[in-house]
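# Chain and residue survey
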Amino acid sequence: MPVWIEAGVWGLLAGSALVLGAAIAWFAHVPRWVASSVMAFGAGVLISALAFDLVDEAERTGGLGPTVLGFLGGAVVYVAANVVLARRGARHRKRSGDHQASESGQQGSGTAIAVGALLDGVPESVVLGLSLLGGGGVGSAVLAAIFVSNLPEGLSSTAGMKRSGRGARYVFGVWGGIAAASGVAGALGCLLLQDASDGTLAVITATAAGAILAMIADTMIPEAFEDTHLYAGLIAATGFLVAFAISRAA
């Protein structure tokens, strides 16, 4: 199997966790404190993957300069895009409560939420594709981190979508589309960058890492704190340690 197709399969697998989380929230009643706790755990998992895999790999591959440049660039671009989407109704797209805008309350919010979900998921899949370029197989720690963090994202956001009156066609259309886009992003990340220089790979990996960290701070942590409050830090720390253990055992 060509490496870029393998990257697409792994990206699709990681994205499918969003659909799984959505299905759980749609067909079962999930208490808000559970959704917030799982979100806190997922945030800790992703932070660990950023610190010990993505940023570290970028710095070792291309040096400190490209890593810093890419990381800050990714954070700036994500925040700028997120500000635009927030003004169009996607500010609370990962919230499980009554925060999400309804289409009747803010026209176009459904599209903004869908685009926001895409913005959140694509950088992770690109990183998965890049992890295959070294010939050592997919980065298991990064794959586990993305899958574990996507599950509560789909769960929490879908709970909020239900509360705002959105139907099953919209909900599963969004998450199914994001899962498919994740597969495409993983494949393209591998296919288009297979001959890229170490500096270029470092910049792109760091860019994705910066965007992911900004996403965690802007969307995941607020939802995690919503109902877990003082326990959010402990739960996130547990997720961090679990991901760290996986990266060392891999």
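Residues numbered from 1 in each chain as written. Predicted model: local features only at pLDDT ≥ 70, side-chain atom pairs only at ≥ 80, totals over all residues. Heavy atoms only, no water.

The protein carries the name ZIP family zinc transporter in an unreviewed UniProt entry, which gives Aeromicrobium flavum as its organism.

This part takes up the UniProt feature "transmembrane region" (unreviewed entry) in the protein. Look at the UniProt record and you will see "transmembrane region" (unreviewed entry) annotated at residues 7-26, 33-52, 64-85, 126-148, 168-193, 200-217 and 229-247. Counting secondary structure, residues 7-26 comes out at 100% helix and 0% strand; the distance between its end C-alpha atoms is 29 Å. Counting secondary structure, residues 200-217 comes out at 100% helix and 0% strand; the distance between its end C-alpha atoms is 26 Å. (UniProt positions renumbered as here; feature names shortened; annotations may be inferred. Helix = DSSP H or I, 4+ residues; strand = E, 2+ residues; numbered from the N terminus.)

Taken as a whole and judged by the stated rule, the model has two salt bridges. Among the salt bridges present, the one from E57 reaches R60, with a minimum N-O distance of 2.8 Å. Note that E57 and R60 are positioned in helix α2 (residues 32-62) at a spacing of three residues, about one turn of the helix. In this structure R60 comes out as exposed when scored by relative accessible area, which is 56%. Salt bridges here are not isolated pairs; linked through shared partners, they connect D56, E57 and R60. (Salt bridge = Lys/Arg side-chain N within 4 Å of Asp/Glu carboxyl O. Buried < 20%, exposed > 50% of the residue type's maximum accessible area, 1.4 Å probe, protein only.)

Attention now goes to the packing of helix α1 (residues 3-27) against helix α5 (residues 140-163). Packing of α1 against α5 leaves a shortest axis separation of 7 Å and a crossing angle of 35°. By crossing handedness, the relation of α1 to α5 is classed as right-handed. Of the residues belonging to the contact of α1 with α5, the class tally is 16 nonpolar, six polar and two charged. (Axes fitted to C-alpha atoms, helices over the stretch in contact; angles between N-to-C directions. Left-handed = near helix turned anticlockwise from the far one by under 90°. Nonpolar A, V, L, I, M, F, W, Y, C, P; charged D, E, K, R; others polar.)

Another point: the layout of surface pockets. Empty pockets left among the atoms are what a rolling probe the size of a water molecule brings to light. Computed from the structure, the second largest pocket encloses a volume of approximately 160 Å³. What lines the second largest pocket is a set of ten residues, and nearest its centre among them are A25, H29, V30, A159 and R163. Secondary-structure elements contributing two or more residues to the lining of the second largest pocket are α2 and α5. Taken together, the residues of the lining of the second largest pocket break down into five nonpolar, two polar and three charged. (1 Å grid on protein atoms, 1.4 Å probe; cavity = no way out; pocket = protein on both sides within 12 Å on 5 of 7 lines; lining within 4 Å. Points joined across faces, edges and corners; volume = space filled by probe spheres on them.)

Glancing now at a nonpolar patch on the surface. Judged by side-chain polarity, M1, W4, I5, V9, V184, L188, L191 and L192 come together as a nonpolar surface patch covering roughly 770 Å² of accessible area. Every element with two or more residues in the nonpolar patch is listed here: α1 and α6 (168-192). Mapping W4 onto the fold places it in helix α1. (Patch = residues over 30% accessible without salt bridge, like charges linked within 9 Å, V, L, I, M, F, W, Y side chains within 5 Å. Areas by Shrake-Rupley, 256 points an atom, 1.4 Å probe, with all protein chains shown as cover.)

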